[in-house]
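# Architecture at a glance
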Amino acid sequence: MNKNTKLLGEFVLIVLGVLVALAVETALENRKDGQLRDEYLSRLRGDIELDRLALNRRIEFFTDVQRFSGETLGWLGTDRDVEQEALLAAYYAAEIWPFLPVRNTYDDLQNTGNIRLLDDIDLRTRLSGYYNKANTSISGWTPSEDYRRIIRGVIPNDVQALIRQNCPTTLDFDQAPSGFPPCELPGVDYDELTRLFAALRADANFRRILTYRDSSLGAMIYLLTQQAQYADQLLDVLPPAAP
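Each value, and the rule that gives it
Residues numbered from 1 in each chain as written. Predicted model: local features only at pLDDT ≥ 70, side-chain atom pairs only at ≥ 80, totals over all residues. Heavy atoms only, no water. Axes fitted to C-alpha atoms, helices over the stretch in contact; angles between N-to-C directions. Helix = DSSP H or I, 4+ residues; strand = E, 2+ residues; numbered from the N terminus. Parallel < 35°, antiparallel > 145°, perpendicular 65-115°, else oblique. Contact = heavy atoms within 4.5 Å. Nonpolar A, V, L, I, M, F, W, Y, C, P; charged D, E, K, R; others polar. Disulfide = S-S within 2.5 Å. Buried < 20%, exposed > 50% of the residue type's maximum accessible area, 1.4 Å probe, protein only. pLDDT = per-residue confidence, 0-100.

The contact between helix H5 (residues 146–154) and helix H7 (residues 190–201) brings their axes to 10 Å, and the two run at 150 degrees. Classed by the angle they form, the pair H5 and H7 counts as roughly antiparallel. Contacts between H5 and H7 involve Ile-150, Ile-151 and Val-154 on the former and, on the latter, Leu-196, Phe-197 and Leu-200. The residue makeup of the contact of H5 with H7, split by class, is 6 nonpolar, no polar and no charged.

This is how it looks when you write it as structure tokens:
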């Protein structure tokens, strides 16, 4: 009996030791997972904050572009000659600036399987919806390109080069639009431009193409504004980014 009792005691001690070791290992793993989760959440917030700034800039950008398309539509309804203001409005109405979300962290979560660390199912659903919408509704769709092809085909290359040189809307280092600053275009033959644009003024199909672009620009602004609202909703529930 004493021998059996001793063996049983040793067995119980071994089992207890294994259970304690497993509990310690589980606690360490949970702690490690918690730290990794917090890191991911912080990185996600940083990514979406960058998206929010980019969305604001694009909303402002496309609002200006739509204003120029409206000015060009107004000019088509008159018999005025082409002057610098009308030339720039027609050129700027064709500008584009794609939006691509910063999704490094989200892709990392998906590719590594660490998305499991986000145990808040509602948050996971919101993140999935946010990035899917950004890719399908915004990044995969741009305002009508027909107008851009036509107007860039009418304005002579040397005049377009002057506009890019003196009235830049993009910065060379990252292709990020810098707005539409006042500028001068020395040496432009506006009489020749008036003759070139006269055919466009008489072309009802061109007016329809520009009207459609104006409408699609409004749709783009709406989509960008919606995406910005989704970003704000995510920022409301994500913890502050790590310093």
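In the structure shown here, the tally under the stated rule is 1 disulfide. The disulfide bridge from Cys-167 ends at Cys-183, spanning 1.9 Å between sulfur atoms. Torsion about the S-S bond of the Cys-167 and Cys-183 cystine: about 95 degrees, corresponding to right-handed handedness. On the criterion of sequence distance, the pair formed by Cys-167 in the loop between helix H6 (157–166) and H7 and Cys-183 in the loop between H6 and H7 is long-range, its members being 16 residues apart. When its relative accessible area of 1% is taken as the criterion, Cys-167 is described as buried. Judged by its relative accessible area of 11%, Cys-183 falls in the buried class.

Taken as a whole, the protein chain shows an average pLDDT of 85; of its residues, 81% reach a score of 70 or greater. In the model of the protein chain, helix H1 (residues 2–76) stands out as the element of lowest mean pLDDT, 80, in contrast to helix H3 (residues 104–112), which has the highest, 95.

So, on to the packing of helix H2 (residues 84–92) against H6. Two elements in contact, H2 and H6, have axes separated by 12 Å at closest approach and are oriented at 85 degrees. Relative to H6, the element H2 lies roughly perpendicular. The residues of H6 that touch H2, namely those facing Leu-87, Leu-88 and Tyr-91, are Val-159, Gln-160, Ile-163 and Arg-164. Classifying every residue of the contact of H2 with H6 gives 5 nonpolar, 1 polar and 1 charged.

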